[in-house]
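What follows is each chain in one-letter form.
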Amino acid sequence: MKLTSAILGFLALAAVIVAGVVVYRTRAAEAAVWRDLSRVVPAQPLAPAEAQFTDGPLFAKLAPDNNEIGSIRLNNGDTWRFAFRSHHLIGGPDSFSVFAGPSGTFRVRGDYFCCEVQFPRDTAFKDSAEFVAFLRRVHPSIKPVQ
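Keep in mind it's a predicted model, so treat the numbers as computed, not measured.

Trainee: Please provide a residue-by-residue account of the sheet that holds strand β5 (residues 95–101), values included.
Mentor: Taking strand neighbours across the sheet as the criterion, the seven strands line up as β1-β2-β3-β4-β5-β6-β7 in an open arrangement whose pairing is antiparallel. One side of each edge strand has no neighbouring strand; the edge strands of this open sheet are β1 (53–55) and β7 (141–144). Across the sheet, the mean angle from the axis of one strand to that of its neighbour is 20°, orientation sign disregarded. Note that strand β4 (residues 79–85) and β5 share five bridges and pair antiparallel. Looking across to β5, one finds that Arg 85 is bridged to Phe 96.

What follows is the structure in structure tokens.
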């Protein structure tokens, strides 16, 4: 009876350790993605000549590390710069983005942007408040960077 209890206790401890290692590795991998994206957000908006693809006010290109970087100009002249990594590169359900603009810098996570940053064709954001509200509406996680 004592041996059975000892074995069950050992197995429970091993399961807790394995779960802890998985959580630690997942958080470390996510932190690395956020660090990488924050580092490659363009310092200035992309010039039209730099863009590999455009969609209305959005200018973007693929960086050598396969992250998408770019900028979007809003109707009032506000510009938001971004770096994006597709869930295909991460190997999970969510893509990660960092958006930097007049209202601050935000970490955006979710599946709205799948393979690229793309907005509905008829969407024209009047200002930064409307842009951030849109990001909050379509993504399960948007957090300001301190």
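Trainee: I'd like a description of the pattern of salt bridges, backed by residues and values.
Mentor: The tally for this structure, following the rule as stated, stands at five salt bridges. One salt bridge in this structure joins Arg 85 and Asp 36, with 3.4 Å as the shortest N-O distance. Taken together, the positions of Arg 85 in strand β4 and Asp 36 in helix α1 (residues 2–40) put the pair 49 residues apart, joining distant regions of the chain. Since its relative accessible area comes to 14%, Arg 85 is described here as buried. A salt bridge links Asp 94 to Arg 109, with the shortest nitrogen-to-oxygen separation between them at 3.1 Å. With Asp 94 in the loop between α2 (87–90) and β5 and Arg 109 in strand β6 (residues 104–110), this pair connects stretches of sequence that are 15 residues apart. Residue Arg 109 is classed as partly exposed on the basis of its relative accessible area, which comes to 22%. Overlapping salt bridges, with partners in common, bring together Glu 30, Asp 94 and Arg 109 in one network.

Criteria and cut-off values
- Residues numbered from 1 in each chain as written.
- Predicted model: local features only at pLDDT ≥ 70, side-chain atom pairs only at ≥ 80, totals over all residues.
- Heavy atoms only, no water.
- Pairing = 2+ DSSP bridges.
- Helix = DSSP H or I, 4+ residues; strand = E, 2+ residues; numbered from the N terminus.
- Axes fitted to C-alpha atoms, helices over the stretch in contact; angles between N-to-C directions.
- Salt bridge = Lys/Arg side-chain N within 4 Å of Asp/Glu carboxyl O.
- Buried < 20%, exposed > 50% of the residue type's maximum accessible area, 1.4 Å probe, protein only.

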